[in-house]
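The lines below spell out each chain.
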Amino acid sequence: MKETIYTIPVNEAFDDLSECPFCYMVKKLEDEGVEYALGAAMMEPDYRVLSNEKGYCNKHFGMLFKKPNKLSLALVMDTHFDELRKKLSEVSKSSRQYADTKHGFFKREKQDPIQNAKKSIDQCNRSCIICEKVDDTIERYIRVFFGLWENDNEFRRKVETSKGFCLPHFSKLLDGAKKYLGSSKYAEFCKMICEKEEAELERVHNDVHNFTLKFDYRNHSSKWGTEKDGPVRGVEKIAGYIIKDNK
Ligand SMILES: [Zn+2]
Ligand SMILES: [Zn+2]
């Protein structure tokens, strides 16, 4: 396959044997995105314009905040606040306008200026420059995944011996299969991946269940097995990877 720049990270993720290879890719992209935002991006005017306009979601602000470089974070926020305050002042202006006008007028017109002006704040609350980049790259990785699955037997074996996927990425793969595979390959892939996911979900469920049994006094002296980290793998299987404090 020609797109080595994308096939390498996809292959690497499947070599890691985590609960979800796509979460492994997401984590790597997020870590790189956070490093970049507080490092090289500080000198990239185009990135700064986007960062000021779109900002970051709660998760990625959290990751930025965990980095020791608080000066970079403050510089990023300093110019982002300028944009946010401009948007807020528009809402504020509209609210004054509304207060000064007969309210019935706006009701009749269905043109409440406060609700209209706040749309730019809503948009900013929903946007995140790291999320956008990660989503875009993961979509490319999904396309590469299907190219590899169709043409590379070694890769197909890796998929079949993987630990399956978190449920959000499992669902994304079914979407991707519809998009990128012809109908007979689509049927073959969906059958394989559904059987795989059922078995892997059962495995993690068993670990979670056995974890609960360890708290029964009758099992207290038995040794911990794979259920030891059942809760974290359960969360990651259901919802995707989470940031753990000890990492
Ligand atoms: Zn995942
Ligand atoms: Zn984000």
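Residues numbered from 1 in each chain as written. Chains lettered and ligands numbered in written order. Predicted model: local features only at pLDDT ≥ 70, side-chain atom pairs only at ≥ 80, totals over all residues. Heavy atoms only, no water.

Colleague: How should the coordination of the zinc ion (ligand 1) be read in this particular structure?
Modeller: Around a metal, the idealised angle for a tetrahedral arrangement of four donor atoms is 109.5 degrees; for an octahedral arrangement of six donor atoms it is 90 or 180 degrees. In the first shell of the zinc ion (ligand 1), the protein supplies Cys20 (SG), Cys23 (SG), Cys166 (SG) and His169 (ND1), at 2.1 to 2.3 Å from the metal. Relative to the metal, the four donor atoms surrounding the zinc ion (ligand 1) lie at angles of 99 to 114°, and the coordination shape comes out tetrahedral. By relative accessible area, Cys166 is classed as buried at 1%. (Donors = N, O, S within 2.8 Å, 3.2 Å for Na, K, Ca; no water. Tetrahedral: all angles 85-135°; square planar, octahedral: opposite > 155°, others 65-115°. Buried < 20%, exposed > 50% of the residue type's maximum accessible area, 1.4 Å probe, protein only.)

Colleague: Is there a simple way to think about the coordination of the zinc ion (ligand 2) in this case?
Modeller: Here the zinc ion (ligand 2) is held by the protein donor atoms Cys57 (SG), His60 (ND1), Cys128 (SG) and Cys131 (SG), which lie 2.0 to 2.3 Å from it. For the zinc ion (ligand 2), the four donor atoms are set out with angles of 102 to 116° between them, so the coordination reads as tetrahedral. Mapped onto the sequence, the residues coordinating the zinc ion (ligand 2) show the spacing C-x2-H-x67-C-x2-C. In this structure, Cys57 and His60 share a single accessibility class: buried.

Colleague: It is not clear to me how the side chain of Lys214 should be interpreted in this structure. Could you clarify?
Modeller: Secondary-structure assignment places Lys214 in the loop between α11 (183–213) and α12 (230–239). Look at Lys214: it is buried, it has no salt bridge, and the nearest opposite charge is Glu227 at 5.0 Å. Of note is the side chain of Lys214, whose polar atom sits 2.3 Å from the backbone oxygen of Ser222. Not counting residues up to four positions away in its chain, the partners in contact with Lys214 are Asn219, His220, Ser222, Lys223, Trp224 and Glu227. (Helix = DSSP H or I, 4+ residues; strand = E, 2+ residues; numbered from the N terminus. Lys, Arg positive; Asp, Glu negative; His and termini not counted. Salt bridge = Lys/Arg side-chain N within 4 Å of Asp/Glu carboxyl O. Polar contact = N/O pair within 3.5 Å; in protein donor to acceptor, adjacent residues only side chain to side chain. Contact = heavy atoms within 4.5 Å.)

Colleague: In this structure, what is going on with the packing of aromatic side chains? I would like to understand it.
Modeller: Tallied over the entire structure, the rule returns 17 aromatic pairs. Between Phe14 and Phe22, the aromatic rings sit 6.3 Å apart at their centres with planes inclined by 85°, giving edge-to-face as the arrangement. On the basis of relative accessible area, Phe22 is assigned to the buried category, the value being 0%. Above the face of the Trp149 ring, Arg156 is positioned so that its terminal group lies 3.9 Å from the ring centre. (Phe/Tyr/Trp six-rings, centres within 6.5 Å; stacked < 30°, edge-to-face > 60°. Lys NZ or Arg CZ within 6 Å of the ring centre and 35° of its normal.)

Colleague: Is there a simple way to explain the nonpolar core in this structure?
Modeller: As a rule of thumb, soluble globular proteins bury nonpolar side chains together. Phe14, Phe22, Tyr56, Ile138, Phe145 and Phe189 are the most contacted members of the largest nonpolar core, which totals 47 residues. Looking at this core, the elements with two or more residues in it are α1 (4–15), α2 (21–38), α4 (58–66), α5 (70–100), α8 (129–151), α9 (153–160), α10 (167–180) and α11. Contact partners of Phe14, with chain neighbours within four places excluded, come to Pro21, Phe22, Met25, Phe145, Phe155, Lys158, Val159, Ser162 and Phe165. (Core = buried A, V, L, I, M, F, W, Y, C linked by side-chain atoms within 4.5 Å.)

Colleague: Where do I start with the packing of α1 against α2 in this structure?
Modeller: Each pair of packed helices can be described by the angle between their axes along with the distance between the axes. Between α1 and α2, the shortest axis-to-axis distance is 8 Å and the interhelical angle comes to 120°. Of the possible angle classes, the one that applies to α1 and α2 is oblique. The crossing of α1 and α2 is right-handed. Taking contact as the criterion, the partners of Pro9, Val10, Glu12, Ala13 and Phe14 in α1 are, on α2, Pro21, Phe22, Tyr24, Met25 and Lys28. Split by residue class, the contact of α1 with α2 holds eight nonpolar, no polar and two charged. (Axes fitted to C-alpha atoms, helices over the stretch in contact; angles between N-to-C directions. Parallel < 35°, antiparallel > 145°, perpendicular 65-115°, else oblique. Left-handed = near helix turned anticlockwise from the far one by under 90°. Nonpolar A, V, L, I, M, F, W, Y, C, P; charged D, E, K, R; others polar.)

Colleague: Just to check I follow, could you spell out α12 for this structure?
Modeller: Because the α-helix completes a turn every 3.6 residues, residues three or four places apart line up on one side. Within the span of α12, buried status applies to Gly230, Arg233, Gly234, Glu236 and Lys237. Summarising the contacts, the buried residues of α12 are in contact with α10 and α11. Of the residues flanking the end of α12, it is Gly240, one or two places downstream, whose phi is positive at about 100°.

Colleague: How should the side chain of Ser51 be read in this particular structure?
Modeller: If you trace the backbone, Ser51 turns up in helix α3 (residues 45–54). Filtering out sequence-adjacent residues up to four positions away, Ser51 remains in contact with Tyr56, Val76, His80 and Ile129.

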